[in-house]
Amino acid sequence: MKNILLASAVIVTLLNAAGAGQVPIQDRQPAGSALRPAVMGPTGGVSTGHPLTTAAAFGILLKGGNAFDAGVASLIAGGVLEQDLYSLGGEALVLVYPRKENRVTSIVGQGWAPKAVDVDWYLSRKKTLDGAGLDPAVVPGALHAALTVLEKWGTMSFEEVAAPGIAYAENGFPMRNSTAQAIQRQLKFFEGWPDNKKFWLKPDGSPYKPGETIKLPTLAKTLHRMVDAERAAKSKGRSAGINAARDRFYKGDIAAEMVAFLQKHGAPFDASDFAEYFARIEEPAKTTYRGYTVYKHGFGSQGPVLLQALNILENFDLHAMGYASADYLHTVTEALKLAYADRDSYYADPAFVQVPGEGLLSKAYAKERAALIDPKKASTSFIAGDPTKYDSKVKQWTFWKANVIDGVTPRTRSGDDENTPEIVKDTTHMAVIDKDGNIFDVTPSGGWVPGAVILGDTGIGMSVRGEQFWLDKTRANQIRPRARPRYTLTPSMVFKGDVPMMGLGTPGGDNQDQTILQALLSIVDFWNEWYPNLHGALERPRVQTMHFYGSFWPHTAGFNQLNVEATIPDAVYNELKARGHDVSRLRPFGMSGCATAVMIDPATGNRFAGADPRRDCYAIAY
């Protein structure tokens, strides 16, 4: 283990020396690139939300692992290192492109609600889904998704890919500032949960300071137990070993300890909720945009918001408007408003709701929606369309539909207050591409320091993703037995025509698909303005509409609110205000989210990697 830590430290030293895998652009820097060198290489690339997570994935690639081995290593290491954003008790939503299969597959590692609950169960007990404690808990899905990917598409053992994460948990890692701040804000919550105090604080009860080394021995023990299960089944083959590790977590003694803790504290879980859980494998949703094909998770996620917005925006000449012009930002914002109205109406777990997905992604439907955009006036309505007219399977909709004629939500805080880098809950993202052109893209989250209960001596923080359900029987996305909440986590893959090109994603809750949309448009519609420095495409200023019902309990709306980064010129800011947007300034790079991406350059086949500067995301290519 010590050798693994040393190797990771060497990798990070090389990364920070700006030498490993980085080729400076000699001729010019794209505007706003802050002189960061392009990250390019002939072989592979990694971009994640933490330098040590990137190092863990990179180390696996150097050992001969493929993108899926490296991606799973990043998931496990990130679940140790980045717990203000994501832990192994959370969820992981994955897209994979295995070159030999030549198709994109979606892995839904979103946990489900226990079979004992529904809307009436909560209302009769006067409980809510407020995002802390055990009331909004769902079964952890991240490890099931990770081991599903490893078994089906990886080449290494669980022990090999878990080694960096185990080493960090067992031997320690430096506490980063955002994690230390998250812990500090949760000290009152910890008072009600002694295992959280024991896990996150020093033996004397004091918090770790940024830069100090923290060890997580109970989490290391849980991962070691999974490794032991794999070793015991090793003679039966690699897949059997991986399944044994997964089964020990979901069906064995680890699961028994988690369920016993939950039942002791009155949570309505039983052993079957864990034992019968599975990461769903399904076809992704997709659309085309100006010669590109874009893949997202299906309508159990918010991912199709991006696809619907692209379909709408294809009816406008964004390039002629110019990136971040008033016309451009107004049009993008209005398209997102329309997509969010459909999201909040129609998107829900497809195991329980027949979603009119064909209609929602119809180009004819998008043209109808695009016609609603007034080029000179911000819309204050929040009204869903009728996609059933364009759907061959779903002809009626019996659940609630957005129909807010004139929605304006007064601000309670400034944009700067609402979008600090120390946001209470957030997410992370990992993207990996290897020498063979395999692509792994994942957005994991949940089980955070904020609000997640550590389940005894397992070191697992229980996901509170149930806060994204509604306690309302008229809503499609209501809580049901064994349902998965309509999640915000939204990885993306982009092909140029039918040729794989890019994995892209971001943290940011409801803002995720806004960040991805603006990053993607920057890349594909304004290619010559950044190529070949992918950083330059991701650094450009962004806006953020709040014109939707928040996915997190209590689902607060922010109708007509628009947050604008300070690097947007005053003239553009004032014009957006004149068109009726309730505009608020954020500081430079103040937007929630941090886009990370890997790319195969269509012209050369070289690997590009990029990460924007809005957080401590890190990219490397080699």
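In what follows, the structure referred to is the one given above.
The shown structure was predicted, so the numbers you read here are calculated from the model rather than taken from an experiment.

Parameters at a glance
- Residues numbered from 1 in each chain as written.
- Predicted model: local features only at pLDDT ≥ 70, side-chain atom pairs only at ≥ 80, totals over all residues.
- Heavy atoms only, no water.
- 1 Å grid on protein atoms, 1.4 Å probe; cavity = no way out; pocket = protein on both sides within 12 Å on 5 of 7 lines; lining within 4 Å.
- Points joined across faces, edges and corners; volume = space filled by probe spheres on them.
- Nonpolar A, V, L, I, M, F, W, Y, C, P; charged D, E, K, R; others polar.
- Pairing = 2+ DSSP bridges.
- Helix = DSSP H or I, 4+ residues; strand = E, 2+ residues; numbered from the N terminus.
- Right-handed = clockwise from strand over helix to strand, strands pointing away.
- Buried < 20%, exposed > 50% of the residue type's maximum accessible area, 1.4 Å probe, protein only.
- Arc of directions from axis to C-beta.
- Expected span 1.5 Å × (residues − 1).
- Core = buried A, V, L, I, M, F, W, Y, C linked by side-chain atoms within 4.5 Å.
- Contact = heavy atoms within 4.5 Å.

(A) Region of interest: empty space enclosed by the protein. In the structure shown here, the tally under the stated rule is two cavities of 30 Å³ or more. Of the pockets and cavities examined, the largest cavity occupies roughly 100 Å³. Among the residues forming the lining of the largest cavity, the class breakdown is four nonpolar, five polar and four charged.

(B) Inspection of the layout of surface pockets at higher detail. Considering only enclosed or pocket space, the second largest pocket measures out at about 300 Å³ in volume. Residue lining of the second largest pocket: 16 residues in total, with Phe299, Pro350, Val355, Gly357 and Glu358 positioned closest to the centre. Classifying every residue of the lining of the second largest pocket by side-chain character gives seven nonpolar, four polar and five charged.

(C) Summary view of the pairing of strand β18 (residues 582–586). In this structure, strand β17 (residues 561–565) lies alongside β18, joined through five bridges in parallel fashion. Looking at the pairing, Val564 lines up with Arg585 of β18. On the question of chirality, the crossover connecting β17 to the parallel β18 by way of helix α22 (residues 570–578) is right-handed.

(D) Main features of helix α7 (residues 177–185). Three or more residues of α7 are buried, namely Thr179, Ala180, Ala182 and Ile183. For α7, the angular spread of the buried residues around the axis is 160°, confining them to a single face.

(E) Layout of helix α20 (residues 512–524). The first and last C-alpha atoms of α20 sit 18 Å apart over 13 residues, in line with the 18 Å expected at 1.5 Å per residue. Among the 13 residues of α20, 13 are classified as buried, and the element is accordingly described as predominantly covered.

(F) Representation of the nonpolar core in the model. Ranked by size, the top nonpolar core spans 87 residues in total, and within it Val149, Phe158, Trp200, Leu216, Met226, Phe274 and Phe440 carry the most contacts. Ranked by residues supplied to this core, first place goes to helix α3 (residues 67–81) with 10 residues. Not counting residues within four places of it along the chain, the set of residues in contact with Met226 comprises Leu143, Leu147, Phe158, Ala245, Phe249 and Ile254. In terms of nonpolar packing, the next biggest core, distinct from the first, is built from 78 residues, Met40, Ala326, Ala341 and Leu538 among them.

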